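# Geometric and topological summary
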Amino acid sequence: MHDSSPGPSPGPSPGPGPGPGPGNGHVPDRMAAVLPYLLAALPLGLPLIVLAARAPVSPPPKAFVDMAVGVAALVLLRWRHRGPWQTALVTALATAFSFTALGPAVVAYGSLAAYRRWRQMAAVAVVFWLCVVSSTRWSDNRLLTLVYAVAAAVILAGSTLFGLYLAGRRDLAAARRAAEVAARAQWVEQAKLEERLKIAQEMHDVLAHRISLLAMLAGGLAYRENLSPEQTREAALAIQENAHQSLNELRAVLGTLRREDGLAPPQPTLAHLDALFDEVRAAGQRVEVDDAISCRDALPAQTGRHAYRIVQEALTNARKHAPGSAVRAELGGRPGDGLRIRVSNAALPGGSTGPGGRLGLVGLAERTRMAGGTLTHVVRDGRFVLDARLPWEA
């Protein structure tokens, strides 16, 4: 029985109802503002009909006074949210002198009920009931007085229930909005956590690859006594270059923590695999490559990046768990059939897992799952086989 403008007074407030904001120009918003006034103006229609029916006869002045009081009470409804109980009380008092003030009084009382101010509601309800009953004071018909008394009680009960219903609906809408805000905040936190996990995975892939290369090169210097000065110098330069590259790649990954648009470009893709193979071969790792990929240029960049990281981690895994063994990398696929990556190396008995053992495989499985693919690893015929499949739409 009241519009959606919030009341400034203390205590529980019905607040704005659910739906689009007032600035959107939606029809439900305008109807919610106009409907209470239409309901309150209904009693004004009866005197107008009577006056129209008695057009040839001059209407009594009392009819105009009644309608004037009703119009004044109707205008007063504009302040029913600024002063809920004051507006309800004044319009209730007006019903003692004007039948047309009954509509505004009912709407004002319903608006007060939506605030759940029980003491004020009780006081206004008593005044409303007494004023409606007293409007029959000039009549000797006791039955009419009884009818007015019962009707006033029913109207008060209905207005109370309807006001409480509106308050309940608005409380529910406020709870839903609060839940939506909480859910949105939780979604943001989840997105941040997922981004941190991606960055952690990227750091693992980069550092594990570089550090394992450094360990292989340093091991060559430590245990090979037949190196010439030129070979020693080349190995030292390779260690220096890999150390610089590891620092640069680590700086690039950590830089994503200050960005809002994900990993900093450029990221390695399938086109960088040849450089990766050359790099690990230069460090002393034996790698045999069988590349049967068709339409390489049609491979999505994101899929290519995942493929690069999978191969990189597989080579790192081989250096850690089967140092010195030859590695075979098989690549194949085409649009519509998907991309297949198979990397195998000798499975040495009792191979050391080292720090973070098996975490690389866990990260690869998660990366492949996020890319919509599958990853399996198994020891077959004395070789450790890592098999990954990534989607590649036609």
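The structure displayed is predicted, hence computed values, not measured ones. (Residues numbered from 1 in each chain as written. Predicted model: local features only at pLDDT ≥ 70, side-chain atom pairs only at ≥ 80, totals over all residues. Heavy atoms only, no water.)

### Thoughts on the overall build of the protein
- Helix and strand content of the protein: 11 helices and five strands.
- When burial is assessed residue by residue, the protein has 37% of its 394 residues classed as buried.
- Within the protein, residue pairs in contact and separated by at least 24 positions form 73% of the contacts whose partners lie at least 6 positions apart.
- Carbon and sulfur atoms make up 63% of the accessible area of the protein, which totals about 22,500 Å². (Helix = DSSP H or I, 4+ residues; strand = E, 2+ residues; numbered from the N terminus. Buried < 20%, exposed > 50% of the residue type's maximum accessible area, 1.4 Å probe, protein only. Contact = heavy atoms within 4.5 Å. Areas by Shrake-Rupley, 256 points an atom, 1.4 Å probe, with all protein chains shown as cover.)

### Some details on unusual backbone geometry
- One non-glycine residue with positive phi stands out, namely R116, at about 60°.
- Here R116 lies in the loop between α5 (102-113) and α6 (118-134).
- The phi angle at D381 is positive, at roughly 55°, despite the residue not being glycine.
- Relative to the helices and strands, D381 resides in the loop between β4 (374-380) and β5 (383-390).

### Description of the environment of A41
- Along the polypeptide, A41 turns up in the loop between α1 (27-40) and α2 (42-53).
- Sequence-wise, A41 and A73 are 32 residues apart; in three dimensions their C-alpha atoms are separated by 9.8 Å.

### What about the packing of α5 against α6?
- At their nearest, the axes of α5 and α6 sit 10 Å apart, and the two run at 165° to each other. By the criterion of interaxial angle, the relationship of α5 to α6 is roughly antiparallel. In the packing of α5 onto α6, the handedness of the crossing is left-handed. Residue-level contacts link L102, A105, V106, Y109, L112 and A113 of α5 to Q120, M121, V124, A125, F128 and V132 of α6.
- Tallied by class, residues from the contact of α5 with α6 come to 11 nonpolar, one polar and no charged. (Axes fitted to C-alpha atoms, helices over the stretch in contact; angles between N-to-C directions. Parallel < 35°, antiparallel > 145°, perpendicular 65-115°, else oblique. Left-handed = near helix turned anticlockwise from the far one by under 90°. Nonpolar A, V, L, I, M, F, W, Y, C, P; charged D, E, K, R; others polar.)

### Description of α6
- The end-to-end C-alpha separation of α6 is 24 Å, in line with the 24 Å expected for 17 residues at 1.5 Å each.
- Within α6, the full set of buried residues consists of M121, V124, A125, F128, C131, V132 and V133. (Expected span 1.5 Å × (residues − 1).)

### Quick look at the sheet that holds strand β3 (residues 338-346)
- The strand order β1-β2-β3-β5-β4 describes an open sheet built from five strands, whose pairing is mixed. The open sheet has two edge strands, β1 (287-293) and β4, and neither has a second partner. The sheet shows a mean angle of 10° between the axes of neighbouring strands, taken without regard to direction.
- Pairing of β4 with β5, which is carried by seven bridges, proceeds in the antiparallel orientation. (Pairing = 2+ DSSP bridges.)

### Considerations on a nonpolar patch on the surface
- Where nonpolar side chains cluster on the molecular surface, the patch consists of F99, L143, L144, L146, V147, Y148, V150 and V154 and spans about 720 Å² of accessible area.
- Following the sequence through the fold, L146 ends up in helix α7 (residues 142-223). (Patch = residues over 30% accessible without salt bridge, like charges linked within 9 Å, V, L, I, M, F, W, Y side chains within 5 Å. Salt bridge = Lys/Arg side-chain N within 4 Å of Asp/Glu carboxyl O.)

### A few points about the side chain of T160
- Residue placement: T160 occurs in helix α7.
- Here L156 takes part through its backbone oxygen, which lies 2.7 Å from a polar atom of the side chain of T160.
- Leaving out residues up to four positions away in the same chain, T160 has contacts with Y109, A113 and M121. (Polar contact = N/O pair within 3.5 Å; in protein donor to acceptor, adjacent residues only side chain to side chain.)

### A short note on the nonpolar core
- Judged by nonpolar contacts, the single largest core of 33 residues is most densely connected at L273, V311, L315, L339 and I341.
- Looking at this core, the elements with two or more residues in it are α7, α9 (273-282), β1, α10 (301-321), β2 (327-334), β3, α11 (359-370) and β5.
- Counting residues per element, this core draws most heavily on α10, which supplies seven residues.
- Ignoring any residue separated from it by four or fewer positions in sequence, one finds L315 in contact with L276, F277, V280, Q285, V287 and V327.
- Formed by 21 residues, the second largest nonpolar core is a distinct cluster that contains A40, L44, A88 and L156. (Core = buried A, V, L, I, M, F, W, Y, C linked by side-chain atoms within 4.5 Å.)

### Some points on the confidence of the model for the protein
- Here the protein averages 76 in pLDDT, while 75% of its residues score no lower than 70.
- Here residues 1-26 is a poorly scored stretch, pLDDT under 50, and it has 59 contacts once near neighbours within four places are set aside; other chains count. (pLDDT = per-residue confidence, 0-100.)

### Considerations on the pattern of salt bridges
- Going through the model one piece at a time under the given rule, you end up with nine salt bridges.
- In this structure, D290 engages R328 in a salt bridge whose closest nitrogen and oxygen atoms are separated by 3.5 Å. Of this pair, D290 sits in strand β1 while R328 sits in strand β2, and the two are 38 residues apart along the sequence.
- A relative accessible area of 26% places R328 in the partly exposed class.
- Residue R334 pairs with D337 through a salt bridge whose shortest N-O separation is 2.8 Å.

### What to know about helix α4 (residues 84-94)
- Listing the buried residues of α4 in full gives P84, T87, A88, T91, A92 and A94. Relative to the axis of α4, the buried residues are bounded by an arc of 155° and lie together on one face. (Arc of directions from axis to C-beta.)

### Quick word on the environment of N242
- Here N242 is to be found in helix α8 (residues 229-255).
- Counting along the chain gives 29 residues from N242 to L213, while the straight-line C-alpha distance between them is 7.5 Å.
- Beyond its immediate chain neighbours, meaning those up to four positions away, N242 contacts R210, L213, L214, L217 and E279.

### Some thoughts on the environment of A157
- Tracing the backbone through its elements, the reader meets A157 in helix α7.
- It is 9.8 Å that separates the C-alpha atoms of A157 and G110, two residues lying 47 residues apart in sequence.

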